[in-house]
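# Per-entry structural report
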Amino acid sequence: MLDHDIRSYERIAGLFDGQPFGAITRDDILDNITLYWLTNTGISSARLYWDTLYEGEGRFFDAVDVSIPAAVSIFPDEIHPAPRSWTEQAYHDLIYYNELDEGGHFAAWEVPERFTSEVQAGFRPLR
């Protein structure tokens, strides 16, 4: 789960050699692994990827017809950053879209202040 792309793997592995990775610590990684191990939920959390990419119809990244208000923040180091054109096709009531200059798949860990600001900005139009 933590090494599903080479960039994340390298950065997470670097934590164990003393290299910083945003706000993520080595203990955060160990806590996360322990949580999945003790609750026996590692397989179920990975099933979505397996079902849609390997066993399913390969529709993981198909644009869907979502009509509820949606907010999307694009972090540059995400595995598959969604372009605005795809996002607008998938989410017909796109109320917020922003491309950031830092963060990746683990943005809430890597850049927690930026992630929090994006959540707030995304909900602001609904106030």
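To start, this report covers the structure provided alongside it. Remember, predicted model here, so these are calculated numbers, not experimental data. Along each chain, residues carry numbers from 1 onward, in the same order as the chain's sequence is written. Two thresholds apply to this predicted model, a pLDDT of at least 70 for residue-level local features and 80 or more for giving and counting side-chain atom pairs, whereas whole-chain, interface and lining totals are computed over all residues. Hydrogens and water molecules were not included; the side-chain quantities draw on all heavy atoms of the structure.

Right, let's get into empty space enclosed by the protein. Buriedness of a pocket was judged along seven lines, with at least five required to meet protein on both sides within 12 Å; pockets are open sets of points on a 1 Å grid over the protein atoms alone, cavities are sets where a 1.4 Å probe fits but cannot get out, and lining residues have an atom within 4 Å of a point. Grid points are joined across faces, edges and corners, and a volume is the space filled by probe spheres set on the points. Going through the model one piece at a time under the given rule, you end up with one cavity of 30 Å³ or more. What the largest cavity holds in volume is close to 40 Å³. Only DSSP runs of H or I reaching four residues or more are called helices, and only runs of E reaching two or more are called strands; each is numbered from the N terminus. Among the elements that take part in the lining of the largest cavity, helix 1 (residues 6-15) stands out by supplying three residues, more than any other. Throughout, the ten residues Ala, Val, Leu, Ile, Met, Phe, Trp, Tyr, Cys and Pro are labelled nonpolar, Asp, Glu, Lys and Arg are labelled charged, and all others, Gly among them, are labelled polar. Within the lining of the largest cavity, the residues separate by chemical class into one nonpolar, three polar and five charged.

Okay, the side chain of Glu-118 next. In this structure, Glu-118 sits in helix 6 (residues 112-123). A simple rule labels every residue: compare its accessible area, found with a 1.4 Å probe on the protein chains alone, to the largest value its type can have, and call it buried under 20%, exposed over 50%, or partly exposed in between. Working convention for charge: Lys and Arg count positive, Asp and Glu count negative, and His plus the chain ends are omitted. A carboxyl oxygen of Asp or Glu within 4 Å of a side-chain nitrogen of Lys or Arg is what we treat as a salt bridge. Arg-114 provides the closest opposite charge to the buried, unpaired Glu-118, separated from it by 5.3 Å. We call two residues in contact whenever any of their non-hydrogen atoms come within 4.5 Å of each other. Among residues more than four places away in sequence, those in contact with Glu-118 are Ser-73, Phe-75, Tyr-96, Asn-98 and Leu-100.

Between 30 and 60 degrees the pair is tilted, below 30 it is stacked and above 60 it is edge-to-face, where a pair is any two Phe, Tyr or Trp rings, Trp via its six-membered ring, whose centres lie within 6.5 Å. Applying the stated rule across the entire model yields three aromatic pairs. Residues Phe-75 and Phe-115 carry aromatic rings whose centres are separated by 6.5 Å and whose planes lie at 25° to one another, so their mutual orientation is stacked. Highlighted residues: Phe-75 in the loop between strand 1 (70-74) and helix 4 (84-90) and Phe-115 in helix 6, separated in sequence by 40 residues. Its relative accessible area of 8% is what places Phe-75 among the buried residues.

Moving on to helix 2 (residues 26-39). The end-to-end C-alpha distance of helix 2 is 20 Å, a good match for the 20 Å that 14 residues give at a rise of 1.5 Å each. Trailing helix 2 by a residue or two, Asn-40 shows a phi angle of about 55°, which is positive. What a helix should span is 1.5 Å times the count of its residues minus one.

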